[in-house]
Amino acid sequence: MNEHPSAFRMGVDEQSLFRSLHSAYPDALLIVDASGAIVLINEAAEKLLGYSDVEIVGMNVDRLVPDVSRARHASYRRAYGESPRARPMGTQMDLVALCKDGSEVMVEIALSPLTVKGIPLVVAAIRDVGMYPRVKQALLRARYAETLAQIGRDAVDSRDPQALLDRAPIAAADALDAAAAVVLLLSTDRSALRVAGGAGHALESVARVAAWSATTGPAAFVLAQGEPVLTTDLSTERRFEVPPALLGLGIRSMLGVPLFDRGRQIGVIQVFSTQADRLGDDETRFMQSLSNLVASALQRAQSEEALNHAQRLESVGQLTGGIAHDFNNLLTVIQGNLQVLQEMPSHADTPSQGLIDAATRAAKRGAELTGKLLAFSRRQVLKPSEVDVSSMLHSLSNMLHRTLDQRIKIDVEVTGSPVVQADAGQLESALLNIAINARDAMLEGGRLRFSCRTIAHLPEDLRPGLDENAPSSVPFVAITVQDSGTGMTEAVKERAFEPFFTTKGAGRGTGLGLSTVYGFARQSKGTVAIDSTPGNGTAVTLYIPCAEASGANPPVKEAAAAVLPLGLKVLVVEDDPEVRRVVEAFLDALGCETTTSRSAEEAIPRLLQDRPFDVLLSDISLGAGMRGTELAVFAQQRNPTLAILLMSGFSSELLEADRSSPASWEFLGKPFSREELGTALAGVLANRAC
């Protein structure tokens, strides 16, 4: 056996060598006896655990394990003492060491049995796995992933977007150990950025010196690029202007990521660090994911708000539609009786005639008000046709030039030759209502601008709550009326389309102008949007479907002259006794022979008599029994030559009946005058003759 010189043969003391090795070893070393008491530690252990050798020698090693794992660790230690063996690092799960200051360090541990003078000991070599570059990176990624998971949970749980705007920068600052983190959102006119949320120990200082401009500076550069912008050292940045005061705060690196809403930039998320080269690819991916979460939460909140608003307006529409129906019956009675009184010889040229005239005018205003309610609730009768928007806007502009305050300048800008499918009269009325609102917002004068353009489809944020039969692929014409007036607050914008809501003084408005615009747009299978901020004017945009090139307009029936044959036999079916009496009085004055019934069931035996009627005049809603449309079908099957005239105070009933009824049927909306009734009867008789 060959002999080699050993350290001891060279005169090196064994104990000194052991202590030198123990001290020089790069990992933390602990020597522990069979009871678990610490006998000796090296300097690396002191640095890792934060204890001096005086403090730790004699301490039970179990105290270096977190409370939740201490009992399990003691059990492992006893089992190892019964069967000691060398166990290198990496053969078990990662463990956690508890430091003197209460912090926890993820470690790997190697165990080796040792016997000194017959005393069993264990050498524990402890390594901080966070010191490995790859492990550090993995830990950071895990930290980022956990942060994103928590933000995702917050986004799902919270219905308040501001809560997430507050939480996101806190999470970013904590995860990236950043000096400051901010969420910046673009203003409505996209000219400035506002801080929607922020966090970090230097946030106040950064907010004071950073210019949140949408045109210059770091955030503006991110918006211009439309992608993440990373600056590892701001002192050498040349792509954009860095505020000198930012460098004065010790900020050295910056990362900005744009926020997108359905492909449109709405803001920026930025983080600032006092360390150069602190931010890299992993941090960029983290911030992009955070940006996507915030944007998705904002989109959901906006969609839910739009849907809730549409549902709220729909509920109000149903209520107002029902009120309008009942009110129309009342107006039929009031107007009818007033007309009868007006024509009585006893009232001619007497003071009572003036009272009757005043009441008649008031009843007509009531009918106009009811019409506006029906417009809002989408229950008015529309007659869609192809409308040349350019011609209409120029015509409306010329009319407004003559009627509005001369200090209001009016412009018209039309792109292309847009043609929409809409009721021309109602479209013009809607634009006029918007223009009147604009005029009232510019008491000192200003600029009123009409513009329109064709778009491929509706913006996504306007689709929630849209009618199911609204077209999704048909192009739309966007007609905008923009003023330079006082603008609206968010609270006013929220309620602008509600009926009877107005910001005008007493006696200056009914609050039905924009509500009728809303109802008309929705009933025309389109929608309407408002863009407004206080002091910056208001833009109201109508979105109306384009007219299909091949779509032929249905022929319009020409009104027949109100000439009725004497002795016309009319069966009237109306469940409201007051309305029934008014209709009977009108028909008597028109020279008709009238038979009345309170219900369809009461009318059927009369229709079965040998004496035929010329006209069936029936209300559509007849209480709990058979509807007027069903009665009309039955009656015409018995007598194909019978003329059908249906009436209703609910325009939606007229619309539904008109879609499914024979072309020869006619419809009459309540309230109506005697002349209007005569014209409708003449029309239905003329159609029957055809």
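Cut-offs and rules
- Residues numbered from 1 in each chain as written.
- Predicted model: local features only at pLDDT ≥ 70, side-chain atom pairs only at ≥ 80, totals over all residues.
- Heavy atoms only, no water.
- Helix = DSSP H or I, 4+ residues; strand = E, 2+ residues; numbered from the N terminus.
- Buried < 20%, exposed > 50% of the residue type's maximum accessible area, 1.4 Å probe, protein only.
- Areas by Shrake-Rupley, 256 points an atom, 1.4 Å probe, with all protein chains shown as cover.
- Salt bridge = Lys/Arg side-chain N within 4 Å of Asp/Glu carboxyl O.
- Core = buried A, V, L, I, M, F, W, Y, C linked by side-chain atoms within 4.5 Å.
- Contact = heavy atoms within 4.5 Å.
- Pairing = 2+ DSSP bridges.
- Axes fitted to C-alpha atoms, helices over the stretch in contact; angles between N-to-C directions.
- Phe/Tyr/Trp six-rings, centres within 6.5 Å; stacked < 30°, edge-to-face > 60°.

Visitor: What is the right way to read the overall build of the protein from this model?
Guide: Along the protein, the regular secondary structure elements total 20 helices and 22 strands. The buried share among the 690 residues of the protein stands at 45%. Working note: accessible area of the protein is about 34900 Å², and carbon and sulfur atoms make up 53% of it.

Visitor: Can you walk me through the pattern of salt bridges in this structure?
Guide: Side chains carrying opposite charge are able to pair once their charged atoms draw close together. Enumeration according to the criterion identifies 17 salt bridges in this entry. Arg447 is paired through a salt bridge with Asp411; the nearest N and O atoms lie 2.5 Å apart. Taken together, the residues Arg447 in strand E14 (residues 446-455) and Asp411 in strand E12 (residues 408-414) connect sequence positions 36 residues apart. Classification of Arg447 by relative accessible area gives partly exposed; the value is 42%. The class of Asp411 is partly exposed, set by a relative accessible area of 30%. A salt bridge links Asp440 to Arg439; the shortest N-O distance between them is 2.9 Å. You can call Arg439 partly exposed: its relative accessible area is 34%.

Visitor: Help me out: how do you make sense of unusual backbone geometry in this one?
Guide: For residues other than glycine, phi is negative in most cases, and the peptide bonds are mostly trans. Looking along the chain, the bond that leaves Lys670 and enters Pro671 is cis, with omega of -5°. As for its position among the elements, Pro671 is in the loop between strand E22 (666-669) and helix H20 (674-689). Even without being a glycine, Lys117 presents a positive backbone phi close to 55°. Mapped onto the secondary structure, Lys117 falls in the loop between strand E4 (104-116) and strand E5 (119-128). Of note, the phi angle at Lys525 is positive, near 65°, even though the residue is not glycine. Mapping Lys525 onto the fold places it in the loop between helix H15 (513-523) and strand E16 (527-532). On the basis of relative accessible area, Lys525 is assigned to the partly exposed category, the value being 38%.

Visitor: Honestly, the nonpolar core in this entry has me stumped. Any pointers?
Guide: One broad rule of soluble globular proteins: the nonpolar side chains tend to lie buried together. Leu427, Leu431, Leu448, Phe450, Ile479 and Leu542 are the most contacted members of the largest nonpolar core, which has 38 residues in total. For this core, the element with the highest residue contribution is helix H13 (residues 424-440), accounting for six residues. In contact with Leu427, not counting residues within four places along its chain, are Val387, Met392, Val420, Ile479, Phe520 and Leu542. The next biggest cluster of nonpolar side chains, apart from the first, holds 31 residues, and it includes Ala171, Ala173, Leu176 and Val183.

Visitor: Before we go on, may I ask you to explain the sheet that holds strand E9 (residues 253-261) in this structure?
Guide: Strand pairing within a sheet occurs via backbone hydrogen bonds; the two strands may be parallel or antiparallel. Taken in spatial order, the five strands of this open sheet run E7-E6-E10-E9-E8, and their pairing is antiparallel. Where the open sheet ends on each side, the last strands, each with one partner, are strand E7 (193-199) and strand E8 (229-231). Going from strand to strand, the sheet's axes swing by 20° on average, the running direction of each strand aside. Examined bridge by bridge, strand E6 (residues 180-186) and E7 share six bridges and lie antiparallel to one another. The residue bridging Leu184 from the neighbouring strand is Val195, located in E7. Docked against the sheet, helix H6 (residues 161-176) engages E6, E7 and strand E10 (264-273), running at close to 55° with respect to E7.

Visitor: Help me understand the packing of aromatic side chains in this model?
Guide: Remark: the centre distance and the inter-plane angle together describe each pair of aromatic rings, the angle taken between the planes. The tally for this structure, following the rule as stated, stands at one aromatic pair. With a centroid separation of 5.2 Å and 40° between ring planes, the pair formed by Phe221 and Phe240 is classed as tilted. Separated by 19 residues along the polypeptide, Phe221 in helix H8 (residues 218-225) and Phe240 in the loop between E8 and helix H9 (244-248) bring together distant segments of the chain. When its relative accessible area of 16% is taken as the criterion, Phe221 is described as buried. You can call Phe240 buried: its relative accessible area is 9%.

Visitor: In this structure, what is going on with the sheet that holds E22? I would like to understand it.
Guide: The strand order E19-E18-E20-E21-E22 describes an open sheet built from five strands, whose pairing is parallel. Each edge of the sheet is formed by a strand with only one pairing partner; in this case those strands are strand E19 (593-597) and E22. Along the sheet, successive strands turn relative to each other by an average axial angle of 20°, direction set aside. Note: strand E21 (residues 643-648) against E22, four bridges, orientation parallel. Across the sheet, the residue bridging to Leu646 is Phe667, located in E22. Sheet contacts for helix H17 (residues 600-607): strand E18 (569-573) and E19; angle to E19, the most-contacted strand, approximately 135°. Against the sheet, helix H18 (residues 628-638) makes contact with E18, strand E20 (615-619) and E21, and its axis sits at roughly 165° relative to E20, the strand it touches most.

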